[in-house]
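# Secondary and tertiary structure notes
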Amino acid sequence: MTDYYFQTNGMAVGYHGKILIHDICIGIKKGEIVTLIGPNGSGKSTILKSITRQLKMIAGTVYFDKNDLHSMSYRMLATKMAVVLTDRMKPELLTCRDVVATGRYPYTGRLGILTETDEQKVDEAMEAVNARDIAGKDFTAISDGQRQRILLARAICQEPEIIVLDEPTSFLDIRHKLELLSILRTMAKEKHITVIMSLHEIDLAQKISDKIICVKGETISHYGVPEDIFRENVIRDLYGIDNGYYDPCFGSMELPKAEGTPEIFVISSCGTGIPVFRKLQKEQKPFIAGILYKNDIDCRLARLLACQVITEEPFCEIRDETFEKARRTMKQCRMILNAGITIGSCNRRMEDLLLEARSSGKLKEISRIGISNC
Amino acid sequence: MEDKKAAAEDSLAVHSENFRRRSRYTLVFVILAAAFCVITVLNINTGGVHISVARILKILFLHEGAAAEIKIIWGIRLPRLLMAAILGGALSISGFLLQTFFSNPIAGPFVLGISSGAKMTVALAMIFFLERFSKVSSYLLILAAFVGALIATGFILLVSRRIHHMASLLVAGIMIGYICSAITEFVITFASDSDIVNLHGWSQGSFSGMSWSSVGVASIVIGISLVLAFLMSKPIGAYQLGEGYAQSMGVNIKVFRAELILLSSIFSACVTAFAGPISFVGIAVPFLVKWALNTSKPLVVIPGTFLGGAVFCMFSDLIARTVFAPTELNISTVTSVFGAPVVIYMMLRRQKAREE
């Protein structure tokens with residue numbers, strides 16, 4: 001058995017003795033970033049609150065650096081674990097630096113007076129989150145992004161081995177989300193601080209996490225490395241998505257495709273089709289895309305947005321039956337759009353297809369008419 | 001090189017910031033101490049009998065002077081003055097602890113009905129013991145007040161479990177206050193004549209007629225509680241960030257909350273037992289002190305609040321006793337006149353801050 005740094009066995013959590021999620025068995029190694037994902041109200045916060053002992057666990061055990069979490073004193077836990085919570089705190093008349101300095105709590109004496117070393121650690125923590133410039137500002141007067149950074153600095157200042165964060169990126173704009181997550185990654189990889197957090201942004205979760213925990217309803221539906229979790233069916237199932245698509249490759253979400261009889265045929269390659277597909281989808285015009293190689297970037301998006309995609313195997317010459325199929329389909333369409341295509345030795349036959357399109361009089365070149373008029 | 005320089009500059013900035021803060025703290029404490037001295041002198045030399053400052057000093061430190069003047073100062077004015085100071089400080093600390101507990105600056109022993117709860121049990125105890133033994137000890141009154149304060153607090157806690165909305169909680173507190181006052185008025189109405197004289201002045205709140213033994217008892221109980229409260233300033237500071245954070249820093253929340261409630265109840269019980277319910281001091285003083293110190297750090301706010309409360313109550317008592325002399329005003333009349341506008345200003349400012 002692997003030697004885990006943080007391990008839960010058969011943990012059951014909930015409120016007032018009522019079990020919400022049971023049989024939580026996870027093992028985390030030191031310095032890993034583990035992210036909980038799942039729909040709203042699925043119990044991510046409940047699990048995090050139980051790990052931080054804000055909530056009493058109903059069953060099971062949690063081992064933390066070979067100690068039983070529930071036999072540890074609050075003080076001992078405080079030197080090992082720090083938190084960033086969703087609670088909106090409104091302290092009166094405290095500067096950002098004051099808030100960060102509270103992280104030194106487990107290390108200061110009876111009256112909590114900071115020593116020179118403590119002051120230094122506070123500065124280092126502020127430095128780590130690039131917040132030295134707002135040190136003297138009142139905590140209630142700063143932006144959401146700054147507030148999250150200050151709270152993270154407070155946690156860092158506590159010199160924990162593990163940091164638990166409950167939705168740290170909510171309310172942040174994209175720049176601040178990225179900034180916060182890169183600070184976390186630096187901490188995990190350089191200082192080997194273990195990070196357990198919940199995130200709403202699955203695209204970011206995929207990119208930052210070493211392991212993913214999917215929380216759905218009563219149990220953990222999946223637990224593993226991002227490569228195993230971020231598959232279309234897993235995500236679709238986890239969030240119960242029936243009104244759109246998830247692309248595991250880029251972690252992006254797509255709205256549902258336009259339904260109906262397609263009347264537009266789009267010819268493209270190497271990404272020229274992407275803006276056209278999106279434009280057509282926005283206007284709810286069903287379309288067909290082709291002929292696309294399966295490894296073409298256009299093909300990935302077309303699969304999600306087009307009614308039909310005529311594909312060919314990568315790096316092969318276009319076969320007769322594929323060509324025939326494209327020709328037939330094209331004929332039935334009212335309009336043919338050429339988004340721009342690169343023609344090389346493999347896809348030479350696309351020349352023929354374009355020729356035929358031109359002679360039919362239905363072809364429109366996007367390069368000439370512009371995307372907005374297509 | 002650059003980094004080192006920046007770090008050195010930073011450390012300098014921190015030091016100068018700390019220096020600036022400490023200077024501010026010192027200034028505020030010096031001003032409060034000066035105000036304390038001035039009001040002490042004013043309080044001793046004003047009244048029905050005017051005594052000059054030089055004679056006061058002689059009487060205080062050398063015990064020399066006219067027998068009547070010695071009696072006025074040592075027998076009446078000094079114990080009253082000290083009691084106003086001690087109880088005023090206690091009331092303000094009680095307010096500060098309750099504000100921390102409920103994380104709301106408008107919480108206080110008076111608005112939450114805790115003072116009225118204590119008032120009710122003290123009235124009951126007084127009538128019961130005066131009728132049977134024709135006297136009652138100060139310790140017993142404090143104990144009765146403490147029980148009353150705990151009953152009222154317990155009720156507030158029960159309500160706060162179900163209602164998280166602060167305004168509703170305050171309404172519940174005010175209602176408890178009314179119920180307890182009604183019961184108090186009821187027993188006073190049916191008490192024998194000799195009790196009524198005693199009770200009536202007291203139940204309106206007053207520092208008059210304090211004896212040295214009361215001063216002794218109050219200073220022991222409040223002194224010990226004050227030291228305990230001061231020693232709790234570290235967890236109080238953590239609690240100001242919220243329960244979750246406090247716990248994650250190593251505070252045992254259950255124990256801490258119980259300690260906080262017990263201490264604040266002792267403070268307000270002590271005040272009520274000796275001087276009756278006094279309004280607005282518990283809210284206005286902590287607010288003013290925090291604002292003057294420009295911090296809410298309990299390590300400086302607790303002593304500052306105690307000193308501030310002492311000054312505020314001595315000043316209020318001076319006014320209560322001299323402005324319409326020989327008629328004496330209720331102490332609450334004066335504290336309300338000065339305290340209520342502060343509370344209103346505070347709420348307006350909070351609203352403004354929320355809108356920004």
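What counts and how
Residues numbered from 1 in each chain as written. Chains lettered and ligands numbered in written order. Predicted model: local features only at pLDDT ≥ 70, side-chain atom pairs only at ≥ 80, totals over all residues. Helix = DSSP H or I, 4+ residues; strand = E, 2+ residues; numbered from the N terminus. Contact = placed C-beta atoms within 7 Å. Pairing = 2+ DSSP bridges. Nonpolar A, V, L, I, M, F, W, Y, C, P; charged D, E, K, R; others polar. Axes fitted to C-alpha atoms, helices over the stretch in contact; angles between N-to-C directions. Domains from an automatic or database assignment.

## Section: the environment of V342 of chain B
Residue and element names in this part refer to chain B. Topologically, V342 is positioned in helix α14 (residues 331-355). Measuring from C-alpha to C-alpha, the distance between V342 and A284 comes to 5.9 Å, with 58 residues separating the pair along the chain. Those residues within four positions of V342 in sequence are excluded, and the remaining contacts are A284, F287 and L288.

## Notes on the pairing of strand β4 (residues 59-64) of chain A
Residues and elements named next belong to chain A. Two elements, strand β1 (residues 6-15) and β4, share five bridges in a ladder whose sense is antiparallel. Note on β4: the bridge partner recorded for A12 is A59. In this structure, β4 lies alongside strand β5 (residues 67-68), joined through two bridges in antiparallel fashion. Looking at β5, one finds that F64 is bridged to N67.

## Quick notes on the interface of chain A and chain B
The partner chain B presents 24 residues to the 25 residues of chain A that form the contact. Split by residue class, the side of chain A that touches chain B holds 13 nonpolar, five polar and seven charged.

## Thoughts on the sheet that holds strand β16 (residues 335-340) of chain A
Residue and element names in this part refer to chain A. On the basis of which strands lie adjacent, the open sheet formed by five strands has the order β15-β14-β13-β16-β17 and parallel pairing. The open sheet terminates on both sides in strands that have one partner only, identified here as β15 (308-312) and β17 (363-365). For this sheet the average axis-to-axis angle between neighbouring strands, irrespective of direction, equals 20 degrees. For strand β13 (residues 264-268) and β16, the ladder comprises five bridges, and the chain directions are parallel. Across the sheet, residue S268 finds its bridge partner in β16, namely G340. Helix α12 (residues 320-332) contacts β13, β14 (287-293), β15 and β16 of the sheet and is inclined by roughly 155 degrees relative to β15.

## Topic: the domain arrangement of chain A
Domain annotation for chain A reports domain 1 (6-247) and domain 2 (264-373). Of note, the centres of domain 1 of chain A and domain 2 of chain A, computed from C-alpha atoms alone, are 47 Å apart.

## Some details on the sheet that holds strand β9 (residues 211-216) of chain A
Residues and elements named next belong to chain A. Taken in spatial order, the six strands of this open sheet run β6-β7-β8-β3-β9-β10, and their pairing is mixed. Each end of this open sheet is capped by a strand with a single partner; those strands are β6 (81-84) and β10 (219-224). On average, each strand axis in the sheet is inclined to that of its neighbour by 15 degrees, with strand direction left out of account. Sheet analysis places β6 next to strand β7 (residues 162-166), joined by four bridges and oriented parallel. The residue bridging M81 from the neighbouring strand is I162, located in β7.

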